[in-house]
Amino acid sequence: MDAKFAQMLCLLCLVVTVRAFTQEGFKEVLLKQLGLSEVPKLHKRDLVDLVIPDHIKNKYISMLKRNRVKRRALPSLAGILRGIPGTAGEVLHSETTARQNLIFDMEGRIPKNSEVTMAELKLFKKPLDRANLPARQSHRPVSNARVSVYWVQRQHDGTNRTSLIDSRLVPIRESGWKNFDVTQAVHHWLRNKRREPMFLEVWIEGERVGSHASEMAKAVRFTSQDPKDKALGKPELVLYTLNLEDYGGPGDCKEEVVMGKSTCCRQKHYVNFRELAWTQYWIIEPAGYQAYRCSGGCLQPPSPLRRFGYGDRTCAVAESSPLPMIYLVKRGNRTEIEAAEFPNMVIEKCSCVTDG
């Protein structure tokens, strides 16, 4: 079904992005392309103890970075956030993973009429304490630990949902600053904020499967937000923005489009997979994305041309780009995880086209 799913989305997006996105329209085309009468029955229990394999995680992050929006100009520094005063920066340990919670107060930090083009999380890795290393054994050498950053969305029922933002291997024996691209997390927060801080979670795991790699990863320590942690370099969130008065994207809609007074342009339209009942357990990453849509009117051809078969000119998609996704597939009684890059998911440019 996964090959069909990829094929379907290619066609689906061409249909959906041309017209206004609706949940029923999206679902209708989806089921038709899959040859299904109803959505596959995936439930919350399919996500219990779900672990994204490293090769899937690496593939997704690689695709995500390859498809980052190109910087339109050198952004200006909006601010360096160092956490909420008094936060403990709690670190939780399990058998195979250490998790460090980070909290940043975002309210009022991003200038009005600006766009966050880049956000970096800077973590200071403490010098290695060799006493924390496991006894040397006859294993393959382990030089790195895998460090992943997740955005945490707190649900109304008190539970948390996480979205993978960045992941990389960090040398165990090196100390100093390590940077992670968390632009996507800030975009998620901007879309979903409820006047609350931004929560991030840092996971430290073995670079490969096995108890020795897990034990070696436990030697990796980052400075926390705890005021009692006297190590150098508290976690920092560095924000960069562009002033949209100067750098608004060509062809993007201004306020007039909302009032129906604009010519053809690209309007923001966010698709939240977590709020669509039939996708929230199917699509794991991303939590949602800025799909955009084409809005506004077009000048119509003069009457003489209409007699030669020229139809009305309408505002439609001229250019689009792909979206990387991680999703679940059902194979018999098994639930498996796939990652793929689906074309035509994000509208990059709108223009007027003539019917016929």
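Residues numbered from 1 in each chain as written. Predicted model: local features only at pLDDT ≥ 70, side-chain atom pairs only at ≥ 80, totals over all residues. Heavy atoms only, no water.

- As recorded by an unreviewed UniProt entry, the protein carries the name LFTY2 factor and is attributed to Pluvianellus socialis.
- As stated in UniProt under Sequence similarities (unreviewed entry), the record for the protein gives "Belongs to the TGF-beta family."
- UniProt, in the comment section headed Subcellular location (unreviewed entry), describes the protein in these words: "Secreted". (UniProt positions renumbered as here; feature names shortened; annotations may be inferred.)

### A word on the overall build of the protein
Now for step 1: Counting its secondary structure elements, the protein contains seven helices and 16 strands.
Now for step 2: Going through the 356 residues of the protein one by one, you find that 45% of them count as buried.
Now for step 3: Contacts spanning at least 24 positions in sequence make up 73% of the contacts within the protein whose residues lie at least 6 apart.
Now for step 4: About 19300 Å² of surface is accessible on the protein, with carbon and sulfur atoms providing 51% of the total. (Helix = DSSP H or I, 4+ residues; strand = E, 2+ residues; numbered from the N terminus. Buried < 20%, exposed > 50% of the residue type's maximum accessible area, 1.4 Å probe, protein only. Contact = heavy atoms within 4.5 Å. Areas by Shrake-Rupley, 256 points an atom, 1.4 Å probe, with all protein chains shown as cover.)

### Quick look at the confidence of the model for the protein
Now for step 1: Of the residues in the protein, 72% have a pLDDT of 70 or more, and the chain-wide mean is 76.
Now for step 2: Here helix H1 (residues 2-18) stands out as the least confident element of the protein, with mean pLDDT 44; strand E8 (residues 198-206) is the most confident, with 93.
Now for step 3: For the stretch residues 1-21, pLDDT sits under 50, and the model shows 48 contacts to residues farther than four places along the chain or on other chains.
Now for step 4: For the stretch residues 69-73, pLDDT sits under 50, and the model shows 13 contacts to residues farther than four places along the chain or on other chains. (pLDDT = per-residue confidence, 0-100.)

### Re the environment of Ser211
Now for step 1: Position of Ser211 relative to the elements: it lies in helix H5 (residues 211-217).
Now for step 2: A sequence separation of 115 residues divides Ser211 from Thr96, and the C-alpha atoms of the two residues are 7.7 Å apart.

### Describing the pattern of salt bridges
If charged atoms from side chains of opposite charge come close, those side chains can pair.
Now for step 1: Tallied over the entire structure, the rule returns eight salt bridges.
Now for step 2: Ionic pairing is found between Lys126 and Asp229, a salt bridge with its closest N-O pair at 3.2 Å. On the criterion of sequence distance, the pair formed by Lys126 in the loop between strand E4 (114-125) and strand E5 (144-154) and Asp229 in the loop between H5 and strand E9 (236-243) is long-range, its members being 103 residues apart.
Now for step 3: Under the relative-accessibility criterion, Lys126 is labelled partly exposed at 24%.
Now for step 4: Residue classification places Asp229 among the buried residues on the basis of a relative accessible area of 14%.
Now for step 5: One salt bridge in this structure joins Arg208 and Glu207, with 3.9 Å as the shortest N-O distance. (Salt bridge = Lys/Arg side-chain N within 4 Å of Asp/Glu carboxyl O.)

### Looking at the nonpolar core
Now for step 1: Counting 38 residues, the largest nonpolar core has Met106, Leu121, Ile172 and Met198 as the members making the most contacts within it.
Now for step 2: Filtering out sequence-adjacent residues up to four positions away, Met198 remains in contact with Leu102, Ile103, Phe104, Met106, Trp151, Ala185, Val186, Trp189 and Leu237. (Core = buried A, V, L, I, M, F, W, Y, C linked by side-chain atoms within 4.5 Å.)

### Observations concerning the state of the cysteines
Now for step 1: Taken as a whole, this structure holds four disulfides when the rule is applied.
Now for step 2: Covalent S-S linkage joins Cys264 and Cys315, the inter-sulfur distance amounting to 2.1 Å. Its S-S torsion of about 70° marks the bond between Cys264 and Cys315 as right-handed, since a negative value means left-handed. Taken together, the positions of Cys264 in the loop between helix H6 (244-247) and strand E10 (265-267) and Cys315 in strand E15 (residues 313-331) put the pair 51 residues apart, joining distant regions of the chain.
Now for step 3: Residue Cys264 is classed as buried on the basis of its relative accessible area, which comes to 16%.
Now for step 4: For Cys294, the disulfide goes to Cys350, at an S-S distance of 2.1 Å. In this structure, the disulfide formed by Cys294 and Cys350 twists by about -85° around the S-S bond and is classed as left-handed. Note that Cys294 is positioned in strand E14 (residues 293-295) and Cys350 in strand E16 (residues 334-354), a separation of 56 residues in sequence.
Now for step 5: On the basis of relative accessibility, which here comes to 14%, the residue Cys350 falls in the buried class.
Now for step 6: Here the protein pairs its bonded cysteines, counted in sequence order, in the arrangement 1-3, 2-6, 4-7, 5-8. (Disulfide = S-S within 2.5 Å.)

### With respect to the packing of aromatic side chains
Now for step 1: According to the stated counting rule, one finds three aromatic pairs in the structure shown.
Now for step 2: Seen in terms of ring centroids, Phe124 and Trp177 are 5.5 Å apart; in terms of plane orientation they differ by 75°. Their pairing is edge-to-face. Pair noted here: Phe124 is in strand E4 and Trp177 is in strand E7 (residues 176-181), with a separation of 53 residues, a long-range link.
Now for step 3: Trp177 sits in the partly exposed class, given a relative accessible area of 35%.
Now for step 4: Positioned above the aromatic ring of Trp203, the side-chain terminus of Arg99 is 3.7 Å from the ring centre.
Now for step 5: Note that Arg154 overlies the ring of Phe199, its terminal NZ or CZ placed 3.8 Å from the centroid. (Phe/Tyr/Trp six-rings, centres within 6.5 Å; stacked < 30°, edge-to-face > 60°. Lys NZ or Arg CZ within 6 Å of the ring centre and 35° of its normal.)

### Structural notes on the side chain of His269
Now for step 1: Tracing the chain through its elements places His269 in the loop between E10 and strand E11 (270-272).
Now for step 2: Looking at His269, its side chain comes within polar contact range of the side chain of Arg293, at 3.2 Å. (Polar contact = N/O pair within 3.5 Å; in protein donor to acceptor, adjacent residues only side chain to side chain.)

### Description of helix H4 (residues 183-192)
Now for step 1: Within H4, seven of the 10 residues are buried, leaving the element largely enclosed by the surrounding structure.
Now for step 2: Along H4, the residues classified as buried are Thr183, Gln184, Ala185, Val186, His188, Trp189 and Asn192.

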